[in-house]
Amino acid sequence: MILIKRFSLFIALSVSLFSIPSFAQELSEEAIANRIAPIGDVYIDGEIVTATTAASSESTGPRSGEKIYNTFCIACHGTGAAGAPIKGDPVIWEPRVAQGEETLINHAIQGFNTMPARGTCADCSDEEIAATVKFLIKDLY
């Protein structure tokens, strides 16, 4: 019987200790406003300058072939992924270069085998793609 009384007393003390802090919260208007304030804000496009808007306003001219290669093409043409010819390997590039620069540019723009159209650079212009192809094959001669 004594054990039941002690256990009941322990439970009652535990409940009262853990429930008191919830009642002891500050009840001022400011404290209540802070507790029920929204946790986030709504972003409306164009309100805040983001990294993409800052980058797009940075330069309005065409990007260099080297910049496009290092941003979009290096993942495949730097490793040979999906059978992509590795930049700077003349043995792999020889039969492709033999087809002519114009053919290489057309393949890059329209896609060829496992390479999607424009590689992974959907916003590249034809001139930027041509500059990138020229950058890819410039060290082969």
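A few points on the structure. Fair warning: this is a prediction, and the values are worked out from it, not measured in the lab. (Residues numbered from 1 in each chain as written. Predicted model: local features only at pLDDT ≥ 70, side-chain atom pairs only at ≥ 80, totals over all residues. Heavy atoms only, no water.)

1. Looking at a nonpolar patch on the surface
Here is the rule: Patch membership is restricted to residues that have no salt bridge and whose relative accessible area is over 30%. Joining uses 9 Å for like charges and 5 Å for the nonpolar side chains Val, Leu, Ile, Met, Phe, Trp and Tyr. For accessible areas, the Shrake-Rupley method is used with a probe of radius 1.4 Å. Any residue's cover is judged against the shown protein chains and nothing else. Counted as salt bridges are all cases of a side-chain nitrogen of Lys or Arg within 4 Å of a carboxyl oxygen of Asp or Glu. Segments assigned H or I by DSSP are reported as helices when at least four residues long, segments assigned E as strands when at least two residues long, and all are numbered from the N terminus.
Together, Phe7, Phe10, Ile11 and Val15 give the surface a local cluster of nonpolar side chains, amounting to about 420 Å² of exposed area. For phenylalanine 7, the location among the structural elements is in helix α1 (residues 2-23).

2. With respect to the state of the cysteines
Selection criterion: Two cysteine sulfur atoms form a disulfide, by the criterion used here, when they sit within 2.5 Å. Only protein chains enter the calculation, and the probe is 1.4 Å; a residue is then buried if its accessible area is under 20% of its type maximum, exposed if over 50%, and partly exposed in between.
All told, the structure shown has 1 disulfide when counted by the stated rule. Two residues share a disulfide in this structure: cysteine 121 and cysteine 124, whose sulfurs sit 1.8 Å from each other. Linking cysteine 121 and cysteine 124, the disulfide has an S-S dihedral of approximately 85° and is accordingly described as right-handed. Residue classification places cysteine 124 among the buried positions, given a relative accessible area of 5%.

3. Digging into the pattern of salt bridges
Tallying each qualifying case throughout the model produces 5 salt bridges. Of the charged contacts, one joins lysine 87 and aspartate 139 as a salt bridge, the two residues approaching to 3.3 Å between their closest N and O atoms. With lysine 87 in the loop between α4 (65-77) and α5 (90-98) and aspartate 139 in the segment after α7 (126-137), this residue pair connects regions lying 52 residues apart in the sequence. On the basis of relative accessibility, which here comes to 53%, the residue aspartate 139 falls in the exposed class. In this structure, the salt-bridge partner of aspartate 126 is arginine 118, at a minimum N-O distance of 2.6 Å. Given a relative accessible area of 37%, aspartate 126 falls into the partly exposed group. By relative accessible area, arginine 118 is classed as partly exposed at 23%. Among the ionic contacts, a cluster of salt bridges with common partners joins Arg63, Asp123 and Glu128.

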